[in-house]
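# An overview of the molecular structure
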Amino acid sequence: MSDMWHHGETRDGILRVTINRADKPVNALSRAALEELRELIRRVKADSSVRGVLFQTGKPGTFIAGADISEFQDLTDQTAAREVSQFGQSVFKELEELRIPTVALISGACLGGGLEFSLACRYRVADDADKTKIGLPEVQLGLLPGWGGTVRLPELIGFIDALPLILSGQQLNGFQARSRGLVHDTVPTEALDSVGEKILKTHFEVGSARSLFRASKKPGWQRFIERRSLVKKYALKKARAEVLAKTGGHYPAPLAILDLMQQHLATSREQRFANESAGIASLPGSPVTRECIRLFFLQEDAKKPPEDIGAYCDPKSISQAAVLGAGAMGAGIALLLARKGVATRLKDIKPEFVSRGMKTVRELLQKDVQRKRLTEREAAHVLDKLTPTTDYCGLKHADVVIEAVLEQMPIKRQVFAELAAATSSETVLATNTSSLIVSDIARDVPHPERVVGLHFFNPPHQMPLVEVIHTPQTSPAALAKAFAAVQRLGKTPVVVGDCAGFLVNRLLGPYMNESGFLLAELSDPLELDRAAVEFGMPMGPLALSDLVGLEVAAHVAENLHAAYGDRMQPAPVWSRLKELKGNGKEKPKLLDSTGKALRPQVAQIVSTLRRESGSSKTGNLSRAAIIERLVYPIFNEAALCLAEGIVRRPEDVDLAMVFGTGFAPFRGGPLRYAESIGIAQVVDALHRMAGTHPHLAPSKALIDFAKAGRFSGRAS
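Residues numbered from 1 in each chain as written. Predicted model: local features only at pLDDT ≥ 70, side-chain atom pairs only at ≥ 80, totals over all residues. Heavy atoms only, no water.

### Description of the sheet that holds strand 2 (residues 14-19)
- Spatially, 1-2-3-5-7-9 is the arrangement adopted by the six strands of the open sheet, whose pairing is mixed. Looking at the sheet topology across the chains shown, the edges are occupied by strand 1 (5-7) and strand 9 (185-187). Neighbour to neighbour, the strand axes of the sheet diverge by 25° on average, direction disregarded.
- Packing against the sheet, helix 1 (residues 31-46) makes contact with strand 1, strand 2 and strand 3 (52-57), and its axis sits at approximately 35° to strand 1. (Pairing = 2+ DSSP bridges. Helix = DSSP H or I, 4+ residues; strand = E, 2+ residues; numbered from the N terminus. Axes fitted to C-alpha atoms, helices over the stretch in contact; angles between N-to-C directions. Contact = heavy atoms within 4.5 Å.)

Next comes the structure, spelled out in structure tokens:
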């Protein structure tokens, strides 16, 4: 019996192979697993009793999650990388060339090498399970598909439809995969085996099972046009422009994919496989790829409860929950819980507030139905898990209650006092506050050891990070249950200590505040956003202020200043911007409708501030100098967080800032980037900038880390 490919006796000409890698929690394709697959294929060739093969998973939730990425971590030699690609291609080619039919019964994650394996099978059937995800996400690791994905996927669904899937790494559920043509059919999980058997028996009888499946909905004229070379070249040109606009050219993988797909246009099938191996060979040694793979492992590691929690809670045990506050955030969190099968009560103080929250939920579900992420039946099932209410009835059995009401301390304390009376002493009470101290919210709560923070980022259904905040009173059991709730939602948890702004907002605060000082100093304030985007941020600080809302940003800034003193002294421009008025229902913004200029009122406020300060002079800074002013204060505050024990390790800082703010992933996160510059050089730069801006002086913690030459859990 092999380590991954398990099978019994052949029955009625059908060999059932169960994919179950013994040494891993998920099925991943290692070199050894590929060698075992090759041996299996050769045994099948030699066994005349085998007329067809069914491949099915033995691990619920995973078909084949992809290649074993750990084997790519140290693979920087181009010759070795090319050989890995060529070996995988050769194994899948033997699978593809089997004269007997093969069926991949896909349930769970079928990603990367898993999909490339499936594409080499004759037939593919997916189930309708929530955990079934099908795609080629290699680009998100700084790689490209190397085991035939760039060849077989365009052959299967067409070049035009395959290109965006390969470039984006988008993961499809079973219904979406059927709609796009990646699988032949989508069926309930319990029907997979019988459908697979029917496919093989039909093939045995008539030589093909195509009659069992619906024909493509794509009209013939469209398929004809998409095969034209000029159309493909136009699609590549358009895709390249979109990639450069989105990534700024910082990521080599999507550009390598475009080059590869361009080469595929005028070559034989055999040469396309060779092109693919050559294309992937150049990527594993790239610094960007190394950082993307590092972040992947950090994210996977973050899903495991930290050992120092001292307790464990099974995510599956989270079966009942409640969310207080039916605004956009509360409704979004309630929807997340319901989608994971957690019976959830959505409470607010007025029926119209609850009704508005349920409307938000329905709208989000309808979008998912339209995008074929859910069926109408599944959407209805999610709604069945939600109970709108205006009272506290039914909360005694809740495993966790998440508060998402107004960001005002008196209101939150009142809510928690009411929750304490309405829930069991075993119920974890969580606040979604973004800037208030959790300990202060829990001040009057009996059993404060069950109070935690669960800080979701907006919008909660899209943002992957959740900060799990523990107070000095939080018990290990409560922290473990809160962590398990985040795991149940499929989010990335980062455990942090209780302080103003927690981790992400505390680090983002100096960045945003410094943009206020620069706004009043630069002759062209829009250089702020240009520099930030060029650096790799998803948007500039001015655009981010408008997205968050000036009132919210000002509120967070005031809280941070009150907690941390002079180094968080708000830039004078922020207090003046409170004078801004919105247009009708629209909230006040810094940028005009084009996003390329300050609103006239903002420009006037900045001009007035300069005049009143006794200097109307403005200056020009290079974009590199602007980034120093914006980003180096993040390093300074992160050093303090490490020294204070707010986070356990520098990797937590990097993970939180990448997944919570979009901090340039290809740079590995702020502390990884600071070490690449040199911590001592960062300290010198902050000393220099502090000559004119005293609040930028380096902290003792950062200076201590500079002496050590690296960041660690605590400064010496």
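### A closer look at the state of the cysteines
- What the rule picks out here adds up to zero disulfides.
- Lacking any disulfide linkage, C110 is separated from the closest cysteine sulfur, that of C121, by 9.1 Å.
- With no disulfide partner, C499 has as its closest neighbouring cysteine sulfur the one in C641, 5.6 Å distant.
- Exposure remark for C499: the relative accessible area of 8% places this residue in the buried category. (Disulfide = S-S within 2.5 Å. Buried < 20%, exposed > 50% of the residue type's maximum accessible area, 1.4 Å probe, protein only.)

### Overview of the pairing of strand 15 (residues 451-456)
- Across the six residues that make up strand 15, a large majority, six, are buried.
- Alternating residues of strand 15 divide into V451, G453 and H455 and V452, L454 and F456, and every residue in both groups is buried.
- Bridging between strand 14 (residues 428-431) and strand 15 involves three bridges; their strand directions are parallel. Each bridged residue has a counterpart across the sheet, and for A430 the counterpart in strand 15 is V452.
- Judged from the four bridges that link them, strand 15 and strand 16 (residues 465-470) form a sheet pairing that is antiparallel. Bridge pairing in strand 16 places L454 opposite V468.

### Remarks on the packing of helix 5 (residues 159-168) against helix 9 (residues 229-247)
- As a packed pair, helix 5 and helix 9 sit with axes 10 Å apart at the nearest point and diverge in direction by 20°. When the axis of helix 5 is compared with that of helix 9, the two are roughly parallel. Judged by the twist between their axes, the crossing of helix 5 over helix 9 is right-handed. Touching F159, I160, L163 and L167 of helix 5 are V231, K232, A235, L236, A239 and V243, all from helix 9.
- In the contact of helix 5 with helix 9, the residues fall into nine nonpolar, no polar and one charged. (Parallel < 35°, antiparallel > 145°, perpendicular 65-115°, else oblique. Left-handed = near helix turned anticlockwise from the far one by under 90°. Nonpolar A, V, L, I, M, F, W, Y, C, P; charged D, E, K, R; others polar.)

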